[in-house]
Amino acid sequence: MRALLVQSANDWVIADAPKPVAHEDEVVISVVASGICGTDLHTLSGSNTAVIFPIIPGHEFGGIVVSIGSGATTFAVGDRVVVNPSRTCENCKFCISEKSNLCRTKGGYGTKYPGGFSNFVAIQEKSCVLVPSSMSWKTALLAEPLACVLTGMVKLTDVKGKRVLVIGGGPIGSLFAYVLMKFTSDVTVIEPVKERRNLISRLGIRSVLDPKDLLANDKWDIVIDATGSAAVMQDSVKFVENGGIFLIMGVAQPDDQILISPQMLNRWEISIMGSFSINNTFAEAVQLLSTTDDDLEILVTDIYKLESFEEALQAMKRKSAMKILVTCSEEIIL
Ligand SMILES: [Zn+2]
Ligand SMILES: [Zn+2]
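Residues numbered from 1 in each chain as written. Chains lettered and ligands numbered in written order. Predicted model: local features only at pLDDT ≥ 70, side-chain atom pairs only at ≥ 80, totals over all residues. Heavy atoms only, no water.

## Here's the deal with the overall build of the protein chain
Here is step 1: The secondary structure content of the protein chain amounts to nine helices and 17 strands.
Here is step 2: For the protein chain, the C-alpha radius of gyration of 20 Å lies close to 20 Å, the compact-globule estimate for 334 residues.
Here is step 3: Its C-alpha atoms give the protein chain principal-axis dimensions of roughly 60 × 45 × 40 Å.
Here is step 4: Expressed as a percentage of its 334 residues, the buried residues of the protein chain come to 53%.
Here is step 5: Residue pairs at least 24 apart in sequence account for 68% of intrachain contacts in the protein chain once pairs closer than 6 positions are excluded.
Here is step 6: Approximately 15,200 Å² of the protein chain is accessible, and the part contributed by carbon and sulfur atoms is 51%. (Helix = DSSP H or I, 4+ residues; strand = E, 2+ residues; numbered from the N terminus. Rg over C-alpha atoms; globule rule 2.2 N^0.38 Å. Buried < 20%, exposed > 50% of the residue type's maximum accessible area, 1.4 Å probe, protein only. Contact = heavy atoms within 4.5 Å. Areas by Shrake-Rupley, 256 points an atom, 1.4 Å probe, with all protein chains shown as cover.)

Right, dumping it as structure tokens:
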């Protein structure tokens, strides 16, 4: 089979790799497609600290079950599934208290275990979720980023009627804004790229602005960073209303820092929090997607073949692209 093999930082190739077999509790899936995410760029450049090289990356993927381990009972050959890439120890204080995203030995498909940029991959059956027959693959493949958003939503216990500002209109920012609209109509997304703004408007987000059109003294009850840029985060804290929340969704570089005035926390009671990866929200994400009539499909702007991974990477650098999918099966046309 063919796969994206990353040997070490900035050293990757599309090459032949051994086809996996399903161990007892696993299924092998023929990967239909994998989404590219900012984290994959960190993996390729060597700045994703969760990665153990060599690795086949890809953590936003799904496919068709083609073989089943001797002890696996949940799925049948031919089932369409998407994969929750997180794997945790299930024993530590975090795992047993529903904070498994904080597990110290957390690994995942595409970081510690072979991931989705591959024709086939073996997955624990408990990591797979069935895709409803009515759901398109483009929709289903948004399950992973949507599950991350739903994990972030848990931090925002009281959204109803609040003013919310989402900074960065990439896939995470767009999905977050889409979910927030179910709780409050006062959602604004700021995004510098015009093509992205047009797309986000089509999701029914009322206010989608160029950052330069935001008034410097405007205040928001909840401000969400979905850029991963420390410089943007530093500049955005000023938008948080007294008593409000600043939620960091974007993944910054390990050495990045921002300066915070302690007065902001005690005099003005602003809470700064973050959310990482997925915590028991993957099945919920698939369930939510099943109610969207494939409305979110428009977030998939580009599709490339695995053999053209370099072109997919170039598209990622062109900021007008939103979610880019890489197809890994010849049979399924998305
Ligand atoms: Zn991702
Ligand atoms: Zn654990």
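## Description of the coordination of the zinc ion (ligand 1)
Here is step 1: With distances of 2.2 to 2.4 Å, the protein atoms coordinating the zinc ion (ligand 1) are Cys37 (SG), His59 (NE2) and Glu60 (OE).
Here is step 2: Each donor residue of the zinc ion (ligand 1) lies on the same chain, and together they follow the pattern C-x21-H-E.
Here is step 3: Taking relative accessible area as the criterion, Glu60 reaches 2% and is therefore assigned buried. (Donors = N, O, S within 2.8 Å, 3.2 Å for Na, K, Ca; no water.)

## Observations regarding the domain arrangement of the protein chain
Here is step 1: Taken as a whole, the protein chain is organised into domain 1 (2-136 + 294-327) and domain 2 (147-274).
Here is step 2: Each of domain 1 and domain 2 has a C-alpha centre, and the two are 27 Å apart.
Here is step 3: Contacts between domain 1 and domain 2 engage 14 residues on the former and 17 residues on the latter.
Here is step 4: Of the roughly 1,300 Å² buried at the junction of domain 1 and domain 2 (both faces included), carbon and sulfur atoms supply 75%.
Here is step 5: Area buried by domain 1 at its contact with domain 2 is led by Leu296, Ile298 and Met322, which between them contribute 42% of it.
Here is step 6: There are zero salt bridges connecting domain 1 and domain 2.
Here is step 7: Looking at side-chain class alone, the side of domain 1 that touches domain 2 contains five nonpolar, six polar and three charged residues. (Domains from an automatic or database assignment. Buried area = accessible area lost by both parts, 1.4 Å probe. Salt bridge = Lys/Arg side-chain N within 4 Å of Asp/Glu carboxyl O. Nonpolar A, V, L, I, M, F, W, Y, C, P; charged D, E, K, R; others polar.)

## Regarding the sheet that holds strand β11 (residues 187-190)
Here is step 1: The parallel open sheet is built from six strands, whose spatial order is β12-β11-β10-β13-β14-β15. Either end of the sheet is taken by a strand with one partner, and the two such strands are β12 (207-209) and β15 (271-274). Averaged over all pairs of adjacent strands, the angle between strand axes in this sheet comes to 20°, irrespective of strand direction.
Here is step 2: Relative to strand β13 (residues 220-225), strand β10 (residues 164-167) is paired through four bridges, and the arrangement is parallel. (Pairing = 2+ DSSP bridges. Axes fitted to C-alpha atoms, helices over the stretch in contact; angles between N-to-C directions.)

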